[in-house]
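The lines below spell out each chain.
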Amino acid sequence: TGLSTGLITGLSTELSTGLSTGLSTGPMFSLVPYGVKGAGLVAQRNIEAGTLLVSEPPALKVALINGDLSCGAGRDVSRQFSSMSQEERKVLTKLANNYDDENEVLGIFKTNAMIISPTESALFPLVCRANHCCVPNCNYIFNTQRGHQQLYCSRNIAVGEELTVSYLPDNIIGGVEERRKFIMENHNFLCMCECCSLKPGNVLKKDEHSRQIAVRRIDEINIMAKKIPLDLGDSKLKAKYKYLCLNLLSQLQKMSIHSTSIYLVKACIFSIYVLMDEVDMAVVFAIDLYKMSKILTGPDSEDSKTWLSTAENLRNYFKDRDNLIETVKTWSLVI
């Protein structure tokens, strides 16, 4: 797949279109007017899960202090904005601004920026055009080696579908009220995605009920996780944790939910199998997590490489028990 190398290389400032691949003669997506959302990215052809849609460098970057923008954020974005070309500025000023801030550029940054590390937040003018959905069909990840934000299809996407991402943390899977509360408090808009806009009826009732059960299970698992010793060997507590996680996984796989939430639960199941000395099942989940990671983050991401190496070498790691015992002490079983 071709990669963008400039601010939005190969894309018109009036109508951004997705990058073509060597296997297709047209763009993968286009930026089009999209109702109350203003604009959205829409697939121009069928796209397979795991396809890299965008690889984009940051247009603006700001330091974070304890997870919040630094006091000099307004000055920083204004300085960076002033050094841009007229065309680059035009691209930025067309982005949404959900804040009544005297500094328009800072308002745009706060509305559209993404956290790329514990100490940095950045704005990617094309990737941020992917609107939020509580059950999205795309996933974004920051490629530290390239310094790019990358957007991948997390499932097969049909022509005409909007490309969406989730602004929710992977462990927030509650009902409409909880999700909307988080989005409003952190992104300053009311979520009207398909999942949050279900009409009263059996479908909404079933979804809300399933999510309530899942939330209770996660709470129970996380309370238990803090009591489990991070060492090797079986125990009743570990066996119960594994049982609860497997039940949660089975439930989530039957729900309409973001695949990264399932990925998170599978990672915890892998960890408990290692702690219980069940190497064969740990390898099974490592392979599964590698396959998921390839789709969500690309085959060359740090996560994918780590899971592949783990799947291939885990049996050898178990032979060096002293080193493995020290390694697992750093793990967390909290979802």
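Counting of residues starts from 1 at the beginning of each chain's written sequence and follows it residue by residue. In keeping with the predicted nature of the model, local features appear solely for residues at pLDDT of at least 70, side-chain atom pairs appear and are counted solely at 80 or more, and the whole-chain, interface and lining totals rest on all residues. Hydrogen atoms and water are omitted, and side-chain values are computed over all heavy atoms in the structure.

### Focus: the pairing of strand β7 (residues 120-123)
Working step 1: Here a strand pair is declared whenever DSSP counts at least two bridges between the two strands. Helix and strand assignments follow DSSP, with helices taken as H or I runs no shorter than four residues and strands as E runs no shorter than two, numbered in order from the N terminus. With four bridges joining them, strand β4 (residues 60-65) and β7 adopt antiparallel strand pairing. Residue pairing across strands places Lys61 opposite Ala122, the latter belonging to β7.
Working step 2: By the bridge criterion, three bridges tie strand β6 (residues 114-117) to β7 in an arrangement that is antiparallel. Counterpart to Ser117 in the pairing with β7 is Glu120.
Working step 3: Counting the residues that bridge the hairpin from β6 to β7 gives two residues.

### Quick word on the sheet that holds strand β10 (residues 148-153)
Working step 1: Here we have three strands laid out as an open sheet, ordered β3-β10-β9, and antiparallel in their pairing. Two strands in the sheet have a free side with no partner beyond their single neighbour: β3 (52-56) and β9 (138-143). The mean inter-strand angle of the sheet, taken between neighbouring strand axes irrespective of direction, is 15°.
Working step 2: Across six bridges, the pairing between β9 and β10 is antiparallel. Along β10, the bridge assignment pairs Ile141 with Gln150.
Working step 3: Here, two residues are considered to be in contact whenever any of their heavy atoms come within 4.5 Å of each other. Helix axes are fitted to C-alpha atoms over the stretch in contact, other axes to C-alpha atoms as well, and angles between N-to-C directions run from 0 to 180 degrees. Sitting on the sheet, helix α8 (residues 279-297) touches β9 and β10, and the angle it makes with β10 is about 115°.

### Section: the packing of aromatic side chains
Working step 1: Two aromatic rings, drawn from Phe, Tyr or Trp (for Trp, its six-membered ring), form a pair once their centres lie within 6.5 Å of each other, and the interplanar angle then sorts them: stacked below 30 degrees, edge-to-face above 60, tilted otherwise. Evaluation of the coordinates by the stated rule reveals five aromatic pairs.
Working step 2: With centroids separated by 5.0 Å and ring planes inclined at 90°, the aromatic side chains of Phe270 and Trp307 adopt a geometry described as edge-to-face. Of the two residues, Phe270 sits in helix α7 (residues 259-275) while Trp307 sits in helix α9 (residues 302-319), which places them 37 residues apart along the sequence.
Working step 3: Each residue is assigned to one of three classes by its accessible area relative to the maximum for its type, calculated with a 1.4 Å probe on protein chains only: buried under 20%, partly exposed between the two thresholds, exposed over 50%. Overall, Trp307 belongs to the buried group, its relative accessible area being 13%.
Working step 4: Look at Phe270 and Trp331: their rings are 6.2 Å apart centre to centre, the planes differ by 40°, and that puts the pair in the tilted class. Taken together, the positions of Phe270 in helix α7 and Trp331 in the segment after α10 (321-328) put the pair 61 residues apart, joining distant regions of the chain.
Working step 5: Judged by relative accessible area, which is 5%, Phe270 ranks as buried.

### Here we look at unusual backbone geometry
Working step 1: Positive phi, close to 65°, is recorded for Asn188, a residue that is not glycine.
Working step 2: By the element assignment, Asn188 lies in the loop between α4 (176-187) and α5 (202-225).
Working step 3: With a phi angle near 65°, Asp277 is a residue other than glycine that sits in the positive phi range.
Working step 4: Note that Asp277 resides in the loop between α7 and α8.
Working step 5: The class of Asp277 is partly exposed, set by a relative accessible area of 31%.

### Digging into the state of the cysteines
Working step 1: Pairs of cysteine sulfur atoms within 2.5 Å are identified as disulfides in what follows. This structure, assessed with the given rule, holds zero disulfides.
Working step 2: Take Cys134: it sits in no disulfide, and the sulfur closest to it among the cysteines is that of Cys196, at 3.7 Å.
Working step 3: Free of any disulfide, Cys268 has its nearest cysteine sulfur in Cys245, 5.7 Å distant.
Working step 4: With a relative accessible area of 4%, Cys268 lands in the buried category.

### Side note on α4
Working step 1: Multiplying 1.5 Å by the residue count of a helix minus one yields the expected span of that helix. For α4, which comprises 12 residues, the first-to-last C-alpha distance of 16 Å matches the rise-based estimate of 16 Å (1.5 Å per residue) to within 8%.
Working step 2: Every buried residue of α4 is accounted for by Val176, Arg179, Ile183 and His187. What you see down the axis of α4 is that its buried residues fit within an arc of 75°, all on one side. In α4, the exposed positions angled more than 90 degrees off the buried face are occupied by Glu177 and Glu185.
Working step 3: Packing partners of the buried residues in α4 comprise β8 (131-132) and α5.
Working step 4: Positive phi shows up at Asn188, right after α4, with a value of about 65°. This arc is taken over the directions from the axis of the helix to the C-beta atoms.

### Some remarks on the pairing of β4
Working step 1: Only one face of β4 is covered, namely the face carrying Leu60, Val62 and Leu64; the face carrying Lys61, Ala63 and Ile65 is uncovered.
Working step 2: In this sheet, strand β5 (residues 68-69) lies alongside β4 in antiparallel orientation, the contact comprising two bridges. Across the sheet, Ile65 pairs through a bridge with Asp68, a residue of β5.
Working step 3: Here β4 folds back onto β5, and the loop between the two strands holds two residues, one of which, Asn66, carries a positive phi near 55°.

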